[in-house]
Amino acid sequence: KNQVEQSPQSLIILEGKNCTLQCNYTVSPFSNLRWYKQDTGRGPVSLTIMTFSENTKSNGRYTATLDADTKQSSLHITASQLSDSASYICVVRAYGNNRLAFGKGNQVVVIP
Amino acid sequence: GAGVSQSPSNKVTEKGKDVELRCDPISGHTALYWYRQRLGQGLEFLIYFQGNSAPDKSGLPSDRFSAERTGESVSTLTIQRTQQEDSAVYLCASSREGPGGYTFGSGTRLTVV
């Protein structure tokens, strides 16, 4: 079973609307969680990084939340733009481990 | 350069041929990772280099896969006797030592026909 599960797998939203992506993980002990944006044909680009003590972190129109007790994170996109169309990948790192556990991504398509 | 550079960006090869993929990490980044991303799948860890330490090769799927890195410079991922199942995007990432951010390259899209 994958250590990082993301939902929904894909999402279509109208330009200007908001959306929320979910990430549940089982990685333990927990070190940090990152959200990456991957445009088609490009490598992933980091949006946010959150450690155990952080509940919310924003990067422009992107806001990530973390509940380390329930092992859940969300990424909220506000006032979506066409350029937000991409795959959003949740990545979790275990404490003391240099490997990363990747979710399969949330595929977001923003339509005009 | 300012980012992680990978080459070639696209590679089409015949089944059974060997291929070599290259990654130029960000200068000063001691850690280098190779990942594989099959169509519609998440990223799959392949190998990890940290400075002059022995690499973590535990993610390599078979003995047809190998990777080298000299010091903290360029890394090459070699796939021998390619199979159609090897078709994927191969991503390289580098970072400074410690739990910091990772910077990914744009990847090499490998198609085995």
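Up top you'll find the structure we're talking about.
Being a predicted model, the structure only gives us computed values, none of them experimental. (Residues numbered from 1 in each chain as written. Chains lettered and ligands numbered in written order. Predicted model: local features only at pLDDT ≥ 70, side-chain atom pairs only at ≥ 80, totals over all residues. Heavy atoms only, no water.)

Draft legend 1. Inspection of the pattern of salt bridges at higher detail. Residue and element names in this part refer to chain A. A complete count under the given rule lists 6 salt bridges over all chains for this structure. Glu-54 is the salt-bridge partner of Lys-57, the closest N and O atoms lying 2.9 Å from each other. The class for Glu-54 is partly exposed, based on a relative accessible area of 24%. (Salt bridge = Lys/Arg side-chain N within 4 Å of Asp/Glu carboxyl O. Buried < 20%, exposed > 50% of the residue type's maximum accessible area, 1.4 Å probe, protein only.)

Draft legend 2. Structural detail: the interface of chain B and chain A. Contact with chain B, which involves 19 residues of that partner, is made by 18 residues of chain A. Around 1500 Å² of area is buried between chain B and chain A when both sides are counted, 51% of it from carbon and sulfur atoms. Three residues, Leu-43, Tyr-102 and Phe-104 of chain B, lead the burial of chain B against chain A; their summed loss comes to 33% of the area buried on that side. Viewed at the interface, chain A and chain B are joined by 0 salt bridges. Counting every contact that joins chain B to chain A gives 3 residue pairs in polar contact (both at pLDDT 80 or more). Secondary structure elements with two or more residues in the side of chain B that touches chain A: β4 (31-37) and β5 (43-50) of chain B. A breakdown of the residues in the side of chain B that touches chain A according to their chemical character gives 9 nonpolar, 9 polar and 1 charged. (Contact = heavy atoms within 4.5 Å. Buried area = accessible area lost by both parts, 1.4 Å probe. Polar contact = N/O pair within 3.5 Å; in protein donor to acceptor, adjacent residues only side chain to side chain. Helix = DSSP H or I, 4+ residues; strand = E, 2+ residues; numbered from the N terminus. Nonpolar A, V, L, I, M, F, W, Y, C, P; charged D, E, K, R; others polar.)

Draft legend 3. Representation of the pairing of β5 of chain B in the model. Residues and elements named next belong to chain B. In terms of burial, β5 is largely enclosed, as 7 of its 8 residues are buried. Of the strand pairs in this sheet, β4 and β5 are connected by 7 bridges, and their pairing is antiparallel. Within the sheet, the bridge partner assigned to Tyr-35 lies in β5 and is Phe-45. (Pairing = 2+ DSSP bridges.)

Draft legend 4. Quick peek at the layout of surface pockets. Space inside the largest pocket adds up to approximately 750 Å³. In terms of lining, the largest pocket is formed by 33 residues, of which the most central are Gln-38 of chain A together with Gln-37, Arg-38, Gly-40 and Gln-41 of chain B. Counting only elements with at least two residues in the lining of the largest pocket, the list comes to β1 (4-7), β9 (86-94) and β11 (106-111) of chain A together with β8 (88-95) and β10 (108-112) of chain B. No other element matches β10 of chain B, which puts 4 residues into the lining of the largest pocket. Considering only residue class, the lining of the largest pocket consists of 6 nonpolar, 21 polar and 6 charged. (1 Å grid on protein atoms, 1.4 Å probe; cavity = no way out; pocket = protein on both sides within 12 Å on 5 of 7 lines; lining within 4 Å. Points joined across faces, edges and corners; volume = space filled by probe spheres on them.)

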